[in-house]
Amino acid sequence: MPSSAVDTFTDPDDYAAAIRATRAELTVTGRGDFNAKRIRIDLHRLWMQRLSDNLPRIGHWANVAGRAIISFRTQPGPNLLASGLEMHPSSIIRRSQAQSYFQQSSGSACFGSMSLPVAEMISVGAAIAGCDLTPPHDALIVTPSPSAMAKLLCLHAAAGRLAEEASEIIANPAAARGLEQSLIQAMVECLSIAEVREDRSAQRHHAIILRRFRRAVEENPDQALYIPELCASIGVADRTLRICCQEQLGMSPKRYLLLRRMHLARRALRDSAPTATTVTEIATRYGFWQFGRFAGEYKSLFRESPSATLRHPHE
């Protein structure tokens, strides 16, 4: 049954959990009050989202299998990189199946996605444009003609306005089918006549290194990781890891690990009862031994002290 939802968020974890067709984790890298918005629209076979968030951050995205996904910017803004590739307002990224990648923003970001079941995407590509839209082995950046891209962005925005102002239209099966067919046709036109730019071999190699890096981090969520040990475990030189992280995360691996541990500590403080644990216990669990420095950095990043977070559990 077609449906839609419009949600706003002040917590990055809640925002990440709400994003459709992916398992996302956000590490906010800039100071300030976090605000985000998600518009979700499910038609009959087509899923789409419009997403926006206001602070610099690094996101790790692990897309679900079985769906062919495209993503694109819905508004111009500060740099937005996916796997080290710049997302331009005039281009679309075709994702590989179940792709895992980092997305890094240097400020506010507005972007959208559309997806179909893989078999459906292949079928509509052949039927509408006589082209093969099987998800690529590696992510592809495609640049449609300006008119085709403008048409897709206009329809995507119109669907978003319906979700916000007249959601009953989307819930109507007949209206949803008409909207879905228009969006699918606009999407296929963009993908079938686009100029294709595949990510370079060096960037593919760097993406593989970052996947190993991410895997090593996920396997040790509750302990401090040290760069020499990390480099040894993923089989890469320190300098190469620093280059990869700077390219795709916009910062050194040491800084990323520090910020990620800070977010994990905040999540633990939110999810704990004040009578069951202490700030010191949680800080040391995530490798923070200089408690004054931890409290200062925490307050600068999250606009409240660690003890305040612990006193007000997350609902």
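Placed above this text is the structure.
So, how was this worked out
- Residues numbered from 1 in each chain as written.
- Predicted model: local features only at pLDDT ≥ 70, side-chain atom pairs only at ≥ 80, totals over all residues.
- Heavy atoms only, no water.
- Salt bridge = Lys/Arg side-chain N within 4 Å of Asp/Glu carboxyl O.
- Buried < 20%, exposed > 50% of the residue type's maximum accessible area, 1.4 Å probe, protein only.
- Pairing = 2+ DSSP bridges.
- Helix = DSSP H or I, 4+ residues; strand = E, 2+ residues; numbered from the N terminus.
- Contact = heavy atoms within 4.5 Å.
- Axes fitted to C-alpha atoms, helices over the stretch in contact; angles between N-to-C directions.
- Polar contact = N/O pair within 3.5 Å; in protein donor to acceptor, adjacent residues only side chain to side chain.
- Parallel < 35°, antiparallel > 145°, perpendicular 65-115°, else oblique.
- Nonpolar A, V, L, I, M, F, W, Y, C, P; charged D, E, K, R; others polar.
- Core = buried A, V, L, I, M, F, W, Y, C linked by side-chain atoms within 4.5 Å.
- 1 Å grid on protein atoms, 1.4 Å probe; cavity = no way out; pocket = protein on both sides within 12 Å on 5 of 7 lines; lining within 4 Å.
- Points joined across faces, edges and corners; volume = space filled by probe spheres on them.

Okay, the pattern of salt bridges next. Enumeration over the complete set of coordinates arrives at 20 salt bridges. One salt bridge connects Arg40 with Asp42, and the closest N-O pair in it is separated by 3.1 Å. With respect to burial, Arg40 and Asp42 carry one shared label: buried. Connected through salt bridges with shared partners, the residues Asp11, Asp13, Arg266, Arg267 and Arg270 form a single ionic network.

Further remarks concern the sheet that holds strand β5 (residues 57-63). Strand order in the open sheet formed by 5 strands is β2-β5-β10-β7-β8, and the pairing between neighbours is antiparallel. Looking at the sheet topology across the chains shown, the edges are occupied by β2 (22-28) and β8 (85-86). Note: strand β7 (residues 80-82) against β8, 2 bridges, orientation antiparallel. Residue Ala82 lies in a different strand from β8, and its bridge partner there is Leu85. Where helix α9 (residues 253-270) meets the sheet, its contacts fall on β2, β5 and β10 (100-105), and the angle it forms with β2 comes to roughly 105°.

The subject of this paragraph is the pairing of strand β11 (residues 109-117). Among the 9 residues in β11, 9 count as buried, and that is most of the element. Pairing of strand β4 (residues 47-53) with β11 involves 7 bridges; the strand directions are antiparallel. Within β11, the residue paired with Trp47 across the bridge is Ser115. Where strand β6 (residues 67-73) and β11 come together, 7 bridges link them in antiparallel fashion. Residue Ile70 lies in a different strand from β11, and its bridge partner there is Met114.

The next subject is the side chain of Asp11. With respect to the helices and strands, the residue Asp11 is situated in the loop between β1 (3-9) and α1 (12-18). Only 2.7 Å separates the side chain of Asp11 from the side chain of Arg270, close enough to count as a polar contact.

Close contact between helix α2 (residues 118-129) and helix α5 (residues 173-192) brings their axes to 10 Å; oriented N to C, the two are set at 80°. Taken as axis vectors, α2 and α5 run roughly perpendicular relative to one another. Contacts from Met121, Val124, Gly125, Ile128 and Ala129 of α2 reach α5 at Ile184, Gln185, Met187, Val188 and Ser192. By residue class, the composition of the contact of α2 with α5 is 7 nonpolar, 3 polar and no charged.

Our next topic: the nonpolar core. Residues Phe213, Leu241, Leu249, Tyr256 and Leu257 are the most contacted members of the largest nonpolar core, which totals 35 residues. With 8 residues, the top contributor of residues to this core is α9. In this structure Leu257 touches Phe213, Val217, Leu225, Ile227 and Leu230, once residues within four positions along its chain are discounted. Ile39, Leu152, Leu179 and Leu183 belong to the second-largest nonpolar core, a separate cluster that totals 32 residues.

This next bit is on empty space enclosed by the protein. Taken as a whole, this structure holds 3 cavities of 30 Å³ or more when the rule is applied. Here the largest cavity defines a volume of roughly 220 Å³. What lines the largest cavity is a set of 23 residues, among which Ile19, Arg20, Gln49, Ile69 and Ser113 lie closest to the centre. Those elements giving two or more residues to the lining of the largest cavity turn out to be β3 (36-42), β4, β5, β6, β10 and β11. Counting residues per element, the lining of the largest cavity draws most heavily on β11, at 5 residues. Grouping the constituent residues of the lining of the largest cavity by class yields 11 nonpolar, 8 polar and 4 charged. Taken as a whole, the second largest cavity encloses approximately 60 Å³ of empty space. Considering the residues around the second largest cavity, the lining is formed by Val217, Asn220, Pro221, Gln223, Leu225, Leu257, Arg260, Arg261 and Leu264. Sort the elements by how many residues they give to the lining of the second largest cavity and α9 lands first, with 4 residues.

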